[in-house]
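One letter stands for each residue in the lines below.
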Amino acid sequence: MERTLSIIKPDAVRKNVIGEIISRFEKNGLKIAAMKKIWMTKQEAKGFYIVHKDKPFYDSLTDFMSEGPIVVMVLEGENAIAKNREIMGATNPANAAPGTIRKDFAENIERNAVHGSDSPETAAFEIKYFFSELEIF
C-alpha cells in the first residue's frame, strides 16, 4: 500500500465540491487514511511550498493557499501517488482530460482545485507536514 497527500484547495472548498472530489478518489480505489479541514496561515503555506520558494509564483501560490479553508487528506491504495495524479488531471486545467477533477472544477493553472504529492519522497514530507502517525488509520 502506498500513501499520498491530497489537498482540496480553497477554490474547490468555496465551490462546495468537497464531497464530489472525495467520492472520485473512493470510486477509483483510494481510501482515506486521514482527513481534516484547516485554514493555513501564510507562514504555514510558505513552509509547505518551500520547494517553490525561488519560483515566480511562490508568493501568489502561498497567498491563495492561505486565503480560505482547505481539506488535507492522506490517501492510501495501490499506486496511490500515480492514481491520485491521474484522477486530478493536468496542473493546467486547459490541458486536463475530460472527467478529471481539474477539468471539472479548476479555474486556472494556479486555482486548480486540488494538490497531490508527485513522488514517494514528497508524499513523506507532505504527510508529516499535516499529520502525526496517531492521526493516520
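Bear in mind the structure is a predicted one, so any value in this text is a computation, not a measurement.

1. Some remarks on the sheet that holds strand β1 (residues 2-8)
Piece 1. Strands sit in the order β2-β3-β1-β4 across an open sheet of four strands; the sheet is antiparallel. The two strands at the open ends of the sheet, each matched to only one other strand, are β2 (31-38) and β4 (114-116). Strand-to-strand, the axes of this sheet are offset by a mean angle of 20°, without reference to chain direction.
Piece 2. Across the face of the sheet, helix α7 (residues 120-130) comes into contact with β1, β2, β3 (70-77) and β4 while running at roughly 60° to β1.

2. Some points on the nonpolar core
Piece 1. Membership of the largest hydrophobic core comes to 21 residues, with the highest contact counts inside it found for Leu-5, Ile-7, Met-65, Val-74, Phe-130, Phe-131 and Ile-136.
Piece 2. In terms of residue count, helix α4 (residues 58-65) provides more of this core than any other element does, four residues in total.
Piece 3. For Phe-131, the contacting residues outside a window of four places in its chain are Leu-5, Ala-34, Met-35, Lys-36, Val-72, Met-73, Val-74 and Ile-136.
Piece 4. Val-13, Phe-105, Ala-106 and Ala-113 belong to the second largest nonpolar core, which has 20 residues in total.

3. Examining the pairing of β3
Piece 1. In terms of burial, β3 is a largely internal element, eight of the eight residues being buried.
Piece 2. Side chains Ile-70, Val-72, Val-74 and Glu-76 project from β3 onto one buried face, and the interleaved Val-71, Met-73, Leu-75 and Gly-77 project onto a second face that is buried too.
Piece 3. Across seven bridges, β1 lies against β3 in antiparallel orientation. Across the sheet, the residue bridging to Arg-3 is Glu-76, located in β3.
Piece 4. Sheet topology places β2 next to β3; seven bridges connect them, and they run antiparallel. Note on β3: the bridge partner recorded for Ala-34 is Val-74.

Scoring rules and cut-offs
Residues numbered from 1 in each chain as written. Predicted model: local features only at pLDDT ≥ 70, side-chain atom pairs only at ≥ 80, totals over all residues. Heavy atoms only, no water. Pairing = 2+ DSSP bridges. Helix = DSSP H or I, 4+ residues; strand = E, 2+ residues; numbered from the N terminus. Axes fitted to C-alpha atoms, helices over the stretch in contact; angles between N-to-C directions. Contact = heavy atoms within 4.5 Å. Core = buried A, V, L, I, M, F, W, Y, C linked by side-chain atoms within 4.5 Å. Buried < 20%, exposed > 50% of the residue type's maximum accessible area, 1.4 Å probe, protein only.

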